[in-house]
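Observations on chain architecture
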Amino acid sequence: MVQARGRFAILVALVGISGFSQGMLLPLIAVLLEEQGVSSTINGLHATALYIGILIISPFLEPPLRKYGYKPIILFGGVIVFSSLFFFTLWESIWFWFVLRLLIGIGDNILHFGTQTWITTTTPEFKRGRSVAIYGLSFGLGFTVGPLMTPLAEINQALPFILSSVLCLLVWSLIFFVRNDFPVNEEVQVTTTKTTTRFKGAFKYSWIALLAPFTYGFLETALHSNFPVYAMRIGHEVTMISFIIPFFAAGSLISQIPLGILSDRVGRHKVLIFVLLGGTITFWVATFFEQSIIGLMITFAIAGMLVGSLYSLGVSFMTDLLPQSLLPAGNILCGVMFSLGSIAGPLFGGSFIDLFPNVSFFYIIITFTFAILILMFLKRPKPVN
């Protein structure tokens, strides 16, 4: 069995493969459905299946974790992911694929929950920000590499699904080298009532930290789903738009670890205020460079370097605020808030574009991040002993 450092590396690799599967499916399924003549509305709704899956499974994750430990939970989530990826090759049906995307959302959330909780509960506070930043960096790298599988569908439609399934299986198998462990459990019994109480307690004491993953989900999906529509309406070509959006992810990859280390030194709350303020200003600046491809690339990169680390900073902040007995519930709530933000982003962004066609799309982003900034600035949270 591997030691603590080896376990951390394996858990980081697992979340990387989770990001890979999500990053691959978003553009790949969209392209395949577009080629089948599916409307853009249905295509967009189809993409919500993954986030619906995350929400469906979230309330049921804590009891089995406390009963069986981290390793069985991660194994189960991994099985769902790589088997669902392979099943895409069996039947070409929009509803069958919807169910498979939902299952991948369930499996990814199980895997995320197990790995994220294991890392946050076993990492010393003085290096927690760095460790969670590495965790977020791994997911981001996987999410960035995933779309590169899309061109393989031109060779054979089943090829990207088969290769990704095999890759997921290989990385998933590394968990067999890790010894099982259990979260701190101050209550012997695991019941629905006590689980609900832990969720309420975790939300009560860490809601300010949970705003960070909610905001990240909002930004990520709004920029990926709504900005291309707005950019096309103001005259940008699809090819150019496809070059702009990756700069946001690239910026986040650069800053994840430095911001994590900085948060270990000066505090998560201060860093969150800094990145939200910087991100709001950067998106405001972007309103002056909407017609410039270079200007948008630069502003997207700077914005990514700031708000692109909101998820990992939020997870670290949540861990600072809660006692270990509430960390499993807190990690579940991080996933729930991210999913809610991911669903809200395209809905509010799309409505804004329709209702205010002559107003810059970035103003919905500015308004949202500024509102979260005010809440973050007014709240002075204290850890629960």
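Quick look at the structure, then. From a predicted model like this one, the values you see are computed outputs, not experimental measurements.

**Comments concerning the pattern of salt bridges**
One pass over the full model with this rule turns up 5 salt bridges. Between arginine 198 and glutamate 62 there is a salt bridge, with the nearest N and O atoms lying 2.6 Å from each other. Here arginine 198, found in helix α9 (residues 192–225), pairs with glutamate 62, found in helix α4 (residues 62–68); they are 136 residues apart in sequence, far enough to count as distant. An identical accessibility class is assigned to arginine 198 and glutamate 62; each is buried. Arginine 268 serves as the salt-bridge partner of aspartate 320, at 2.8 Å between the closest nitrogen and oxygen. Taken as a pair, aspartate 320 in helix α15 (residues 310–321) and arginine 268 in helix α13 (residues 268–286) lie far apart in primary sequence, 52 residues in all. Given the relative accessible area of 18%, aspartate 320 is considered buried. Classification of arginine 268 as buried rests on a relative accessible area of 5%. One continuous salt-bridge network, built from bridges that share partners, spans Glu62, Arg66 and Arg198.

**Topic: a nonpolar patch on the surface**
Taken together, Leu277, Ile281, Trp284, Phe288, Phe289, Leu355, Phe356, Val359 and Tyr363 make up a surface patch of nonpolar side chains, about 890 Å² in accessible area. No other element matches α13, which puts 3 residues into the nonpolar patch. Within the element layout of this structure, phenylalanine 289 appears in the loop between α13 and α14 (293–307).

**A look at the packing of α13 against α14**
Between α13 and α14, whose axes approach to 8 Å, the crossing angle comes to 165 degrees. The angle between the axes of α13 and α14 places the two elements in the roughly antiparallel class. Here α13 runs over α14; the crossing is left-handed. Judged by residue contacts, Phe274, Val275, Leu276, Gly278, Gly279, Thr282, Phe283, Val285 and Ala286 of α13 engage Leu296, Thr299, Ile302, Ala303, Leu306 and Val307 from α14. Counted by class, the contact of α13 with α14 contains 11 nonpolar, 4 polar and no charged residues.

**Some words on α14**
The terminal C-alpha atoms of α14, which comprises 15 residues, lie 21 Å apart, in line with the 21 Å expected from a rise of 1.5 Å per residue. A large share of α14 lies buried, amounting to 11 of its 15 residues. Within α14 the residues assigned to the buried category are Ile293, Gly295, Leu296, Met297, Thr299, Phe300, Ala301, Ala303, Gly304, Leu306 and Val307. If you check the start of α14, you find a side-chain oxygen 2.9 Å away from the backbone N of glycine 295, and it comes from serine 292.

Criteria and thresholds
- Here the residue numbers are simple positions, counted from 1 along each chain's written sequence.
- Reporting in this predicted model follows two pLDDT cut-offs: at least 70 for local features of residues, and 80 or more for side-chain atom pairs to be given and counted; totals over whole chains, interfaces and linings ignore these cut-offs and use all residues.
- Neither water nor hydrogens contribute to the side-chain values; these are computed over all heavy atoms in the structure.
- What counts as a salt bridge is simple: a side-chain nitrogen of Lys or Arg found within 4 Å of a carboxyl oxygen of Asp or Glu.
- Runs of E in the DSSP output that reach at least two residues are strands. Runs of H or I that reach at least four are helices, and both are numbered from the N terminus.
- Relative accessible area decides the class of each residue, using a 1.4 Å probe on protein chains only: under 20% of the type maximum gives buried, over 50% gives exposed, and in between gives partly exposed.
- Nonpolar side chains (Val, Leu, Ile, Met, Phe, Trp, Tyr) within 5 Å and like charges within 9 Å form the patches, drawn only from residues with over 30% relative accessible area and no salt bridge.
- Residue-level accessible areas treat just the shown protein chains as cover; the underlying method is Shrake-Rupley with a 1.4 Å probe.
- Here the axes come from fitting lines to C-alpha atoms, over the contacting stretch only for helices, and the angles between their N-to-C directions go from 0 to 180 degrees.
- The labels follow the angle: roughly parallel below 35 degrees, roughly antiparallel above 145, roughly perpendicular from 65 to 115, and oblique for the rest.
- Each helix crossing is assigned a hand: it is left-handed if the near helix lies turned anticlockwise from the far helix by less than a right angle, otherwise right-handed if that turn is clockwise.
- By definition in these notes, contact holds between two residues if any of their heavy atoms fall within 4.5 Å.
- Basically, the charged four are Asp, Glu, Lys and Arg, the nonpolar ten are Ala, Val, Leu, Ile, Met, Phe, Trp, Tyr, Cys and Pro, and anything else, Gly included, counts as polar.
- What a helix is expected to span follows from its residue count: subtract one and scale by 1.5 Å.
- Polar contacts, as used here, are pairs of N or O atoms within 3.5 Å; protein pairs need one atom able to donate a hydrogen and one able to accept it. Residues neighboring in sequence count only if both atoms are side-chain atoms.

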